[in-house]
Amino acid sequence: MGQVQDLTPEEVSKGMAEGRYLLVDVRELNEVAVEAYPGAVVVPLSTFDPKAIPDPAGKQVVFACRSGKRSVTASLAAQAAGFAHDRHLAGGILAWKAAGLPTRTGG
């Protein structure tokens, strides 16, 4: 069984700004349509395939969801498939917003 490293919203935001992290949102499309992480790619957990994640081009993949549960599931599934994607946004978009970070609304 893999390990999943918790990252804070601030760490993820900074890593994205510096070009070190690729944020992969595993929420469903209807959730993302309401509110999304700026700059994230969407690979819904319901149809999750780690091979569907775009080439991170040297960046580390960080999974995110609403509260932090599905992102752990996605990370463990990716690791089980042979990928080294062992990071997630602890607390999900709820923690992201609580930290005062921006979201994109309305699709």
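Overview of the structure. (Residues numbered from 1 in each chain as written. Predicted model: local features only at pLDDT ≥ 70, side-chain atom pairs only at ≥ 80, totals over all residues. Heavy atoms only, no water.)

1. Quick word on the environment of Arg20
As a reminder of what qualifies: In this description a helix means any DSSP run of H or I spanning at least four residues, a strand means any run of E spanning at least two, and both kinds are numbered starting from the N terminus. Contact between two residues is taken to exist if any of their heavy atoms lie within 4.5 Å; hydrogens are not considered. Two N or O atoms count as a polar contact when they lie within 3.5 Å, although within protein this holds only if one can serve as hydrogen donor and the other as acceptor, and sequence-adjacent residues are included solely when both atoms are side-chain atoms.
You can see Arg20 is positioned in the loop between helix H1 (9-17) and strand E2 (21-25). Taking C-alpha positions, Arg20 is 13 Å from Ala40, a pair spaced 20 residues apart along the chain. When residues no more than four places from it in sequence are discounted, the contact partners of Arg20 are Lys14, Gly15, Lys59 and Gln60. There is a polar contact of 2.7 Å between the side chain of Arg20 and the side chain of Glu18.

2. Quick notes on the pairing of E2
Using the following cut-off: Type-normalised accessible area, obtained with a 1.4 Å probe on protein chains alone, sets the label of each residue: buried when under 20%, exposed when over 50%, and partly exposed for intermediate values. The rule for pairing is simple: two strands pair if DSSP sees at least two bridges between them.
Burial runs high along E2: 5 of the 5 residues are buried. Across the two faces of E2 the burial is the same, with Tyr21, Leu23 and Asp25 and Leu22 and Val24 all buried. Here E2 runs beside strand E5 (residues 60-64); their pairing, made up of 5 bridges, is parallel. Pairing of Leu22 across the sheet is with Val61, part of E5. In terms of strand pairing, E2 meets strand E4 (residues 41-42) through 2 bridges, oriented parallel. Along E4, the bridge assignment pairs Val24 with Val41.

3. A short note on the nonpolar core
Put simply, the rule is: The criterion is simple. A nonpolar core is a set of buried Ala, Val, Leu, Ile, Met, Phe, Trp, Tyr and Cys residues joined through side-chain atoms within 4.5 Å.
Counting residues in each nonpolar core, the largest one holds 12 residues, listed as Leu7, Val12, Met16, Tyr21, Leu23, Tyr37, Val62, Ala64, Leu89, Ile93, Trp96 and Leu101. Those residues in contact with Val12, other than ones at most four positions away along the chain, are Leu7, Tyr21, Leu23, Val62, Leu89 and Trp96. Among the nonpolar cores identified, the runner-up in size contains 11 residues, and Leu22, Val43, Cys65 and Ala78 belong to it.

4. Quick word on the pattern of salt bridges
Which entries qualify depends on this criterion: Within this document, salt bridges are pairs made up of a side-chain nitrogen of Lys or Arg and a carboxyl oxygen of Asp or Glu, the two lying within 4 Å of each other.
Under the definition given, this model contains 7 salt bridges. For Arg20, the salt bridge goes to Glu18, with nearest N and O atoms at 2.7 Å. Residue class for Arg20 comes out partly exposed when judged on its relative accessible area of 36%. Here Glu18 falls in the partly exposed class, since its relative accessible area comes to 44%. Here Arg87 ties to Asp86 by a salt bridge, and the two come within 3.5 Å at their closest N and O atoms. What you see here is one network of salt bridges that share partners, running through Lys14, Glu18 and Arg20.

5. Some thoughts on the side chain of Arg87
Along the chain, Arg87 turns up in strand E6 (residues 87-89). Among the residues examined, Arg87 registers a relative accessible area of 16% and is labelled buried.

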